[in-house]
Amino acid sequence: MYVVKSPLADTDLKTVSEALQGALLDLVDLSLVAKQVHWNVIGPRFRSIHLQLDEVVDTARRHSDTVAERASALGVPPDARAATVAQGSGIGSVPQGWVKDTDAVGTLVAALGSVIARMRERVVATAEADPVSQDIFLGITADLEKHHWMFQAENG
């Protein structure tokens, strides 16, 4: 049962809803990964990386809200429960305990790279189905690629 009726055709709605749900899971997990590393980073570059990680958290949280609200606007209830995020995220595991600053940067480069690759797939998948959602994915991808570049530059 749909409480909110989407203006999209059913086939387009299926494509877009899967893209939005996947993006939501990746963004929520990205915010969790960045926060976990943020709490545990150690090393000579602690402060700068610690602060940079919070920028990723803020970006991921802001975009996850936009994605979830877009899904709701299309009549698709977003699902970011912990079990759903754990099952559906494309991000690999994060080291437990203290994380050396160079390893923290590597972890974020990998996590961002994974999410960016999946976002780019969503950009392509939604091009015809829903240019409005595609535009959201384009903005997210641009922001994540900026973070990706900056973290890559950290370990030069």
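One numbering rule holds for all chains: residues counted from 1, following each sequence as written. Reporting in this predicted model follows two pLDDT cut-offs: at least 70 for local features of residues, and 80 or more for side-chain atom pairs to be given and counted; totals over whole chains, interfaces and linings ignore these cut-offs and use all residues. For side-chain calculations, the full set of non-hydrogen atoms in the structure is used, while hydrogens and water are omitted.

A.B. asks: Teacher, can you tell me more about the overall build of the chain here?
C.D. replies: Working definition: helices are DSSP H or I runs of at least four residues, strands are E runs of at least two. Numbering for both runs from the N terminus. Along the chain, the regular secondary structure elements total 5 helices and 2 strands. Counting helices and strands in the order they occur from the N terminus, the chain gives α-β-α-α-β-α-α. The principal-axis extents of the C-alpha atoms in the chain amount to approximately 55 × 30 × 20 Å. By residue count, 46% of the 156 residues in the chain fall in the buried class. What makes two residues a contact is simply this: any of their non-hydrogen atoms within 4.5 Å. Sequence-distant contacts, at least 24 apart, represent 83% of the contacts inside the chain between residues at least 6 apart. Accessible surface for the chain amounts to roughly 8,100 Å². Of this, 57% is attributable to carbon and sulfur atoms. Type-normalised accessible area, obtained with a 1.4 Å probe on protein chains alone, sets the label of each residue: buried when under 20%, exposed when over 50%, and partly exposed for intermediate values. Here the open area of atoms and residues is found with the Shrake-Rupley method and a 1.4 Å probe, where only the protein chains shown may cover a residue.

A.B. asks: Looking at this structure, how should I read the pattern of salt bridges?
C.D. replies: Should their charged atoms come close, side chains of opposite charge can pair. A pairing counts as a salt bridge when a side-chain nitrogen of Lys or Arg comes within 4 Å of a carboxyl oxygen of Asp or Glu. Across all of its chains, the model carries 11 salt bridges by this definition. For E18, the salt bridge goes to K14, with nearest N and O atoms at 2.4 Å. On the criterion of helical spacing, the pair formed by E18 and K14 is a turn pair, its members being 4 residues apart in helix α1 (residues 10-40).

A.B. asks: Teacher, can you tell me more about the UniProt feature "domain: Ferritin/DPS" (unreviewed entry) in the chain here?
C.D. replies: Residues given the UniProt feature "domain: Ferritin/DPS" (unreviewed entry) here are residues 18-153. Helix makes up 78% of residues 18-153 and strand 3%, whereas the separation of the span's terminal C-alpha atoms amounts to 33 Å. UniProt positions are given in the numbering used here, feature names are shortened, and annotations may be inferred rather than shown by experiment.

A.B. asks: What should I look at first to understand the environment of V109 in this one?
C.D. replies: Within the fold, V109 resides in helix α4 (residues 101-125). Look at V109 and you get partly exposed, because its relative accessible area is 22%. Along the primary structure V109 and A153 are separated by 44 residues, whereas in three dimensions their C-alpha atoms are 9.9 Å apart. Leaving out residues up to four positions away in the same chain, V109 has contacts with H148, F151 and Q152.

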